[in-house]
Amino acid sequence: MRSEGSLNEIRLNASVSYRRDHGVSAKDVSDKLTQNRILTNNDIDALTVLEFAAQDILQKYHAAMRQMEARLETLDQDLKLRKSRNPIHHIESRMKSVPSIFEKLERYGKDTTLEAMEEYIMDIAGLRVIVSYVQDAYSILDHLEQQDDLEVVTVKDYIANPKPNGYRSLHFIVRIPVFFLDGKKSVPVEIQIRTIAMDFWASLEHDLKYKSVHEIEGVDVGAELKACSQIISGVEKRMQIMANALEGNGAPPQDLSMLIGRQRG
Ligand code: 0O2
């Protein structure tokens, strides 16, 4: 739970950051904003300025997110024409809330300013792409890497290297050029690609994480979740082998014999 002290600090630093060139005392603004009393017109002005400053930045990320989503949809349609199958099941989008952006800055030990928010927070705009098979995740990343105006930075492969709790997903940041009135800007968007099965696990894990404060007698919830993740991973490997064989992608004979062996056994 955030302490009121740190909230005040966030307001103070955000005000300092935005008002640096406007000759207004940030301390005065902060003091006025944080007292529990009816706001004056000046307070409301200050809040409006701050909100406008954040919204001005956030709308750039929102535009980048929409453009990135359109790229992914185009890719999906193109792949459908060529392979008669949509690799993308669906796409979810979300903008990080301003308090959660500042909470992350604090956690990273950075200044809680609007400048720092743009410099250090790479997941202000986020897309979650749900695909059918594990190979679809990597193939989408490959296709995006081939688009010469995009810059793929920091790939975190939690499929090849799951998190200790069993979380699996392919995360990366893509910088996409967006044209605004004041010129072109390369805006980062975080993309998480995961299969339907990985998404199922992550959604339930997220839900159970909050419930696990009430521990179940004799059950290690963490170990159980990790075991479920490993079972899901095994099931996905078998589904991938079948898909490759049915799509005529030449599944290696040893893979097919593994499936046949399982059925006979
Ligand atoms: P939201 O609203 O879902 O985006 P951080 O861990 O935040 O300091 P980083 O490097 O961004 O820094 O973390 P990471 O682990 O690469 O990616 C964070 C996001 O991945 C989380 O976003 C989740 O969406 C997802 N994620 C990561 N680990 C887990 C996990 O163990 N379980 C589940 N269900 N999701 C996970 P946020 O920021 O939590 O929020």
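Presented here is a report on the structure given in the accompanying data block. (Residues numbered from 1 in each chain as written. Predicted model: local features only at pLDDT ≥ 70, side-chain atom pairs only at ≥ 80, totals over all residues. Heavy atoms only, no water.)

All right, on to the overall build of the protein then. Helix and strand counts for the protein come out as nine helices and five strands. Surface exposure of the protein reaches about 15,900 Å², of which carbon and sulfur atoms provide 54%. (Helix = DSSP H or I, 4+ residues; strand = E, 2+ residues; numbered from the N terminus. Areas by Shrake-Rupley, 256 points an atom, 1.4 Å probe, with all protein chains shown as cover.)

What follows is about a nonpolar patch on the surface. On the surface, a cluster of nonpolar side chains totalling about 520 Å² of accessible area is made up of Ile231, Val235, Met239, Met242 and Leu246. With respect to the element layout, leucine 246 can be found in helix α8 (residues 221-246). Its relative accessible area of 76% is what places leucine 246 among the exposed residues. (Patch = residues over 30% accessible without salt bridge, like charges linked within 9 Å, V, L, I, M, F, W, Y side chains within 5 Å. Salt bridge = Lys/Arg side-chain N within 4 Å of Asp/Glu carboxyl O. Buried < 20%, exposed > 50% of the residue type's maximum accessible area, 1.4 Å probe, protein only.)

On to the sheet that holds strand β2 (residues 125-131), then. The mixed open sheet is built from five strands, whose spatial order is β1-β2-β5-β4-β3. This sheet does not close on itself; its edge strands, each paired only once, are β1 (88-95) and β3 (151-157). Ignoring which end each strand starts from, the neighbouring axes of this sheet average 25° apart. Where β2 and strand β5 (residues 183-195) come together, six bridges link them in parallel fashion. (Pairing = 2+ DSSP bridges. Axes fitted to C-alpha atoms, helices over the stretch in contact; angles between N-to-C directions.)

Attention now moves to the environment of alanine 137. Looking at where alanine 137 falls in the secondary structure, it is placed in helix α6 (residues 134-146). Classification of alanine 137 as buried rests on a relative accessible area of 0%. Separated by 55 residues in sequence, alanine 137 and glutamine 192 place their C-alpha atoms 9.2 Å apart. Non-local contacts of alanine 137, meaning those with residues more than four positions away in its chain, are made with Val131, Ile159, Leu170 and Ile193. (Contact = heavy atoms within 4.5 Å.)

Close contacts around the ligand come from 16 residues, with Arg94, Arg107, Lys156, Lys163 and Asn165 the closest. Arginine 94 is positioned such that a nitrogen or oxygen atom in its side chain is 2.8 Å from an oxygen atom of the ligand. Here the ligand loses 70% of its free accessible area of 730 Å² to cover by the protein chains. Where the shell around the ligand is concerned, the elements lending two or more residues are α4 (98-107) and α7 (196-211). The element contributing the most residues to the shell around the ligand is α7, with three residues. Along the lines of polarity and charge, the residues of the shell around the ligand split into four nonpolar, four polar and eight charged. (Near = heavy atom within 4 Å. Polar contact = N/O pair within 3.5 Å; in protein donor to acceptor, adjacent residues only side chain to side chain. Nonpolar A, V, L, I, M, F, W, Y, C, P; charged D, E, K, R; others polar.)

Counted by the stated rule, this structure contains one aromatic pair. Positioned over the ring face of phenylalanine 180 is lysine 60, at 5.4 Å from the centre of the ring. (Phe/Tyr/Trp six-rings, centres within 6.5 Å; stacked < 30°, edge-to-face > 60°. Lys NZ or Arg CZ within 6 Å of the ring centre and 35° of its normal.)

On to the pattern of salt bridges, then. A side chain of one charge can pair with a side chain of the opposite charge when the charged atoms of the two come close. This model, assessed by the stated rule, comprises 14 salt bridges. We note a salt bridge from arginine 71 to aspartate 149, for which the minimum N-O separation is 2.6 Å. With arginine 71 in helix α3 (residues 41-83) and aspartate 149 in the loop between α6 and β3, this pair connects stretches of sequence that are 78 residues apart. The exposure class of aspartate 149 is partly exposed, given its relative accessible area of 34%. The salt bridge involving lysine 104 is made with aspartate 123; its shortest N-O contact spans 3.0 Å.

What follows deals with α8. Because the α-helix completes a turn every 3.6 residues, residues three or four places apart line up on one side. The first and last C-alpha atoms of α8 sit 37 Å apart over 26 residues, in line with the 38 Å expected at 1.5 Å per residue. Where α8 is concerned, the buried positions are Leu225, Ser229, Ile232, Ser233, Glu236, Gln240, Ile241, Ala243 and Asn244. Of the residues that open α8, the one with a side-chain oxygen 3.2 Å from the backbone nitrogen of glycine 222 is aspartate 220. Taken from the residues just after α8, glycine 248 is the one with a positive phi, measuring 70°. (Expected span 1.5 Å × (residues − 1).)

As defined by bridge partners, strand β4 (residues 170-180) adjoins β5 across 11 bridges and the pair is classed as antiparallel. Bridge pairing links isoleucine 173 to glutamate 190 in β5. Connecting β4 to the antiparallel partner β5 that follows it, the hairpin turn spans two residues.

Between α7 and α8, the least distance of the axes is 10 Å, while the angle of their chain directions is 170°. In terms of orientation, α7 lies roughly antiparallel with respect to α8. Between α7, through Ala197, Met198, Phe200, Trp201, Glu205 and Leu208, and α8, the contact on the second element is made entirely by Leu225, Cys228, Ser229, Ile232 and Glu236. Grouping the constituent residues of the contact of α7 with α8 by class yields eight nonpolar, one polar and two charged. (Parallel < 35°, antiparallel > 145°, perpendicular 65-115°, else oblique.)

Before going further, it helps to spend a moment on the side chain of aspartate 123. Positionally, aspartate 123 belongs in the loop between α5 (114-120) and β2. Judged by relative accessible area, aspartate 123 falls into the buried class, the value being 8%. Here the side chain of aspartate 123 touches lysine 104 through a polar contact of 3.0 Å, side chain to side chain. Residues within four places of aspartate 123 in sequence aside, it is in contact with Arg94, Lys96, Lys104 and Glu190.

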